[in-house]
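# Topology and contacts: notes
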Protein chains: 4
Amino acid sequence: MSDSLKLVAFCGSLRKASLNRQALHAFVERLPAGASAQKIQANGFPDKVQAAQKAMLEADGVVLVSPEYNYGISGVLKNAIDWLSRTTPQPFAAKPTVLFGASMGLLGTARAQYQLRQTLVFLDGRPVNKPEVMIGQAHTKFTDGKLTDETTGKMLGDLGAALAFAVRQAKAAATVK
Amino acid sequence: MSDSLKLVAFCGSLRKASLNRQALHAFVERLPAGASAQKIQANGFPDKVQAAQKAMLEADGVVLVSPEYNYGISGVLKNAIDWLSRTTPQPFAAKPTVLFGASMGLLGTARAQYQLRQTLVFLDGRPVNKPEVMIGQAHTKFTDGKLTDETTGKMLGDLGAALAFAVRQAKAAATVK
Amino acid sequence: MSDSLKLVAFCGSLRKASLNRQALHAFVERLPAGASAQKIQANGFPDKVQAAQKAMLEADGVVLVSPEYNYGISGVLKNAIDWLSRTTPQPFAAKPTVLFGASMGLLGTARAQYQLRQTLVFLDGRPVNKPEVMIGQAHTKFTDGKLTDETTGKMLGDLGAALAFAVRQAKAAATVK
Amino acid sequence: MSDSLKLVAFCGSLRKASLNRQALHAFVERLPAGASAQKIQANGFPDKVQAAQKAMLEADGVVLVSPEYNYGISGVLKNAIDWLSRTTPQPFAAKPTVLFGASMGLLGTARAQYQLRQTLVFLDGRPVNKPEVMIGQAHTKFTDGKLTDETTGKMLGDLGAALAFAVRQAKAAATVK
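A short tour of the structure in this document, coming up.

Definitions and cut-offs
- Note on numbering: residues in each chain are counted from 1, in written sequence order.
- The naming scheme follows written order: chains are lettered A onward, ligands numbered 1 onward.
- Restriction of local features to residues with pLDDT of at least 70 applies here, the model being predicted, together with a cutoff of 80 or more for giving and counting side-chain atom pairs; totals for whole chains, interfaces and linings are based on all residues.
- In computing side-chain properties, one takes all heavy atoms of the structure into account and sets aside hydrogens as well as water.
- Copies overlap after least-squares fitting; the atoms used are the C-alpha atoms of residues with pLDDT of at least 70 in both.
- An axis is simply a line fitted to the C-alpha atoms; with a helix, the fit covers only the stretch in contact. Between two such axes, the angle follows the N-to-C directions and lies from 0 to 180 degrees.
- A helix here means a DSSP run of H or I that spans at least four residues, while a strand means a run of E at least two residues long, and both kinds are numbered starting from the N terminus.
- Note that the term roughly parallel is reserved for angles under 35 degrees, roughly antiparallel for angles over 145, roughly perpendicular for angles of 65 to 115, and oblique for everything else.
- What makes a crossing left-handed is the near helix being turned counterclockwise from the far one by less than a right angle; a clockwise turn instead makes it right-handed.
- Here a residue-residue contact requires only that any non-hydrogen atoms of the pair lie within 4.5 Å.
- Each residue is assigned to one of three groups, with Ala, Val, Leu, Ile, Met, Phe, Trp, Tyr, Cys and Pro labelled nonpolar, Asp, Glu, Lys and Arg labelled charged, and all others, Gly among them, labelled polar.
- Computed with a 1.4 Å rolling probe, the buried area is the accessible surface lost when two parts are put together, summed over both parts.
- By definition, a salt bridge exists where a carboxyl oxygen of Asp or Glu is found within 4 Å of a side-chain nitrogen of Lys or Arg.
- Definition of a polar contact: a pair of N or O atoms within 3.5 Å, with one able to donate and the other able to accept a hydrogen when the atoms are protein atoms, and with sequence-neighbouring residues admitted only if both atoms are side-chain atoms.
- Only protein chains enter the area calculation, which uses a 1.4 Å probe; residues under 20% of their type maximum are buried, those over 50% are exposed, and those in between are partly exposed.
- Note: two strands are recorded as paired if DSSP finds a minimum of 2 bridges between them.

Once that is clear, we can look at the relation of the copies chain A and chain D. Comparison of the two chain copies shows a relationship of rotation about an axis with a shift along it. Superposition record for chain A on chain D: RMSD 0.0 Å, screw rotation 180 degrees, translation along axis 0.0 Å. Such a combination of rotation and displacement between the chain copies is what one expects of a two-fold axis. Measuring from the rotation axis to each C-alpha of chain A, the shortest distance belongs to Gly75 of chain A, at 2.2 Å.

Right, dumping it as structure tokens:
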């Protein structure tokens, strides 16, 4: 379809070679036609919080990509969310949101993702339920920074389509008084 | 407004004098005009699962009331959900849902509620984010089976209104292709 | 070593052919010499709760095996824990405990296990941290009821050894005033 | 008793007037005789990580004080933990640890504390189960930076005693081969 879809994406890892950054790249490549995603660096946040908030308020949806550190969200990503949550209007509210992540273990950031979902309750976000994309053993699924695993590619594509659909549903819901 | 609102409600406690049952009663009393709630007993479930599924499929929304036992969901309620989840079509899917609970401690079943929210991810439910109603020190808030705490009554009323609104939004969203 | 090790084991699935029951069997086979495990049926619990409590009080450690249903603990196992928690003395307190589970998905009951760990905070249990045994894609790892996956067998053996060690540590700790 | 007890304490809030900082102060004041706590600033961590690790390795126990932001751990504290977890030997391993926190809401950082407990599974920590100290409505319990609520003071004192006891138990357990 010809709808535009404006997304804002956060990556909880700051490393250039991060598997999570590569997964985000693979997600963006598979977005429906007409979609665009502005990537926001989660580092050194306080001075950039206004710009990030503005981008989020103008966006249709949010993408949260988090590595899992010590069975939880990246501290860097959590810090960025904490800063953004203090702005008014709070920019996560009512926004369709997808989460995913990559790890070398089998669970593929599952624990971090459930913590993020808990945070989104407070922020009144609209996390998409399915598909849940937990990219385990991620070091075997990327080569030279490119996703090479077809199943993962399919899931990321499905997740983008699910987000696009959730955005259309949210727009219809927003007309209700 | 004159819309009807059909709800199905589960209470995770089987005791007659349960504070959670009383809280459910207080919630139903405060629903918007035109709303009705069918209460489903969570006990002895297997033989009644078809009837419960049917009621849910015909309902606009779901109400889950759980006591907190040992920092988790009532086993009885979990068992009922587990049985229902195996029916086709799975009746929690895409249904606006509210959760609340009462306990004698300060946290008012918070831990059980976050476990229920996690279960609703898998079931593709649509849990309402706000208000979160965690009725702590509940034994001080009911007399002779009636809710006497005004703040709690207000929150339960707001929760009913939020559910009614979520149902209207879900109906608008369901028209999207 | 020649120490005896008395364990009590619960399986959250009631099915005869349950992968979790098979995993429990594989765990027991790999226990250190001198260890024994009494399996307690989690079904129809109320009338048997006294006997189960007595077995737990006499045991050195506890084994909790749970399938994951709808991203949470089996309702049947939760119900058994809820009943046992009401007995005095509460039999989970200060007992070294291991948890594991098997599922056909990739996460191998991870979500259920973290819920059980939360319950054990309230019950003052002593869950072993490592290894965490989450048997994903379990249907490919058992044949005719026997565990055939070597890596899983190794982890279950390590878990038994870790429990035996935790029991010895708990006995030393129990001498402290 | 005359045992010394060396603790390392982290506060997830950086603000001078933080209620969590005040709660940490109240905790330290109520420690058993002979105990000392070195407070480590969680800010600007990377360059100080070695010193913090060294202090932890020399300490008998760990104190984690976290505000709750957006239903989760302070990003600043999580970041500090993430940095420390990469050092060898990993300094949380096998260390008796207590957690507490203060918030203006009713739940007193409960959600953040359960996330921290999950992180401690991976870090092989030894979190004390009881008492759980969740200081809700904290703004009513401190005056001019001093704790004025007697119940909270009693719980913090009990928590310090529980930590001292857990340290003695851990020392006895550490003699086991």
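What follows covers the packing of helix H1 (residues 19-29) of chain A against helix H5 (residues 150-173) of chain A. All names here are of chain A. Two elements in contact, H1 and H5, have axes whose closest approach is 8 Å; the angle formed by their N-to-C orientations is 60 degrees. Taken together, the axes of H1 and H5 are oblique relative to one another. At the point where H1 passes H5, the crossing takes the right-handed sense. Across from Ala23, Ala26 and Phe27 in H1, the residues of H5 making contact are Leu156, Leu159, Gly160 and Leu163. Tallied by class, the residues present in the contact of H1 with H5 amount to six nonpolar, one polar and no charged.

So, about the interface of chain D and chain C. Size of an interface: often given as the accessible area lost when the parts come together. Between chain D and chain C, the residue contacts involve 20 residues of the former and 20 residues of the latter. Counting the surface lost from both chain D and chain C, the interface buries some 1,600 Å², and carbon and sulfur atoms represent 58% of this. When the buried surface of chain D facing chain C is broken down by residue, Val121, Asn129 and Val176 of chain D rank first, second and third, together holding 33% of it. One can count zero salt bridges joining chain D with chain C. Where chain D packs against chain C, one counts 10 residue pairs in polar contact (both at pLDDT 80 or more). Those elements giving two or more residues to the side of chain D that touches chain C turn out to be helix H4 (110-122) and helix H5 (150-173) of chain D. Looking at the side of chain D that touches chain C residue by residue, the classes come out as nine nonpolar, four polar and seven charged.

Attention now moves to the relation of the copies chain D and chain C. Overlaying chain D on chain C yields an RMSD of 0.0 Å, the required transformation being a rotation through 180 degrees with an accompanying axial translation of 0.0 Å. A share of 100% of interface residues in chain D that are also interface residues in chain C marks the association as one of identical surfaces.

Residue and element names in this part refer to chain D. Burial runs high along strand S6 (residues 96-102): seven of the seven residues are buried. In S6, alternate side chains face the same way, and those of Pro96, Val98, Phe100 and Ala102 on one face and Thr97, Leu99 and Gly101 on the other are all buried. Relative to S6, strand S3 (residues 61-65) runs parallel, the two being bridged by four bridges. In the sheet register, Val62 faces S6, and the bridge partner there is Thr97. Pairing analysis gives two bridges linking S6 to strand S7 (residues 126-127), with the strands arranged parallel. Each bridged residue has a counterpart across the sheet, and for Pro96 the counterpart in S7 is Arg126. Pairing geometry for S6 and strand S8 (residues 133-135), over three bridges, is parallel. What sits directly across from Gly101, in S8, is Met134.

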